[in-house]
Amino acid sequence: MISDIIGNKINRQTNDRRRHALNIPCLCHTVEITRCNNNVNIFPIIGLTGGIASGKTVAGRLLAKAGGVLIDADKIAHQVLKLPFVKQALRKRYGNVFTRQGAVDNTRLAAVTFGIRRNIDWLNSLMHPIIRNKIFSIIATTHGRTHSHAKFIVLDAALLME
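About the thresholds
- Residues numbered from 1 in each chain as written.
- Predicted model: local features only at pLDDT ≥ 70, side-chain atom pairs only at ≥ 80, totals over all residues.
- Heavy atoms only, no water.
- Helix = DSSP H or I, 4+ residues; strand = E, 2+ residues; numbered from the N terminus.
- Buried < 20%, exposed > 50% of the residue type's maximum accessible area, 1.4 Å probe, protein only.
- Contact = heavy atoms within 4.5 Å.
- Areas by Shrake-Rupley, 256 points an atom, 1.4 Å probe, with all protein chains shown as cover.
- Arc of directions from axis to C-beta.
- Phe/Tyr/Trp six-rings, centres within 6.5 Å; stacked < 30°, edge-to-face > 60°.
- Lys NZ or Arg CZ within 6 Å of the ring centre and 35° of its normal.
- Polar contact = N/O pair within 3.5 Å; in protein donor to acceptor, adjacent residues only side chain to side chain.

As for the overall build of the protein chain
A count of helical and extended segments in the protein chain gives six helices and four strands. Listing every helix and strand of the protein chain by position from the N terminus yields α-β-β-α-β-α-α-α-α-β. Expressed as a percentage of the 162 residues in the protein chain, the buried residues total 35%. When contacts within the protein chain are restricted to residue pairs at least 6 apart in sequence, long-range pairs at least 24 apart make up 61% of them. By element, 53% of the accessible surface of the protein chain is carried by carbon and sulfur atoms, the whole surface being about 10500 Å².

Rendered as structure tokens:
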């Protein structure tokens, strides 16, 4: 079903007959959450992962249109960067990685982080638990809705398998 939704849409968008055999590398396996309460809807969770420009966003949007609830880990990460205690930790570790308005400057943050393993590890240890908790909260909220019209949950997360 999932490959049909994505494959057919890609075929229509590109008008390329060879795309029907397209291997979409960003699709992971579907994970079924076990039923813990008969009154709660249980949805399959579809994980999308892959590198930059691998099609995660396109696939996620198509699946959302087909009835899924889309959770975008990148959007959550940008929200986490706005939290006061996260900004304080970044200021303490890296100094001025902020714009004049006080927002995290992604270019400055990347300059002091990427390429230096210990800095990447530190940033991941700060961000990932918060992002993970927010994702679990959204999943739990969606599962808890007894009248939800969602058919499944789509998790767009580049680092899902790490």
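Digging into helix 2 (residues 56-65)
For helix 2, every residue scored as buried is listed here: Lys56, Ala59, Gly60, Leu62 and Leu63. One face of helix 2 carries all of its buried residues, which in axial projection span an arc of 165°. Away from the buried face of helix 2 by more than 90 degrees, exposed residues Arg61 and Lys65 are located. With its phi angle positive at about 115°, Gly67 sits one or two positions after the end of helix 2.

Quick look at the packing of aromatic side chains
All told, the structure shown has one aromatic pair when counted by the stated rule. Seen from their ring centres, Tyr94 and Trp122 are 5.5 Å apart, and the 90° between their planes marks the pair as edge-to-face. Here Tyr94, found in helix 4 (residues 84-94), pairs with Trp122, found in helix 6 (residues 117-144); they are 28 residues apart in sequence, far enough to count as distant. Take Tyr94: its relative accessible area is 15%, and that puts it in the buried class. Trp122 sits in the partly exposed class, given a relative accessible area of 21%. When the ring centre of Phe98 is taken as reference, the NZ or CZ atom of Arg91 above it lies at 4.2 Å.

With respect to helix 3 (residues 73-80)
Along helix 3, the residues that are buried comprise Ala73, Ile76, Ala77 and Val80. Viewed along the axis of helix 3, the buried residues span an arc of 105°, placing them on a single side of the element. The opening residue of helix 3, the one whose side-chain oxygen lies 2.9 Å from the backbone nitrogen of Asp74, is Asp72.

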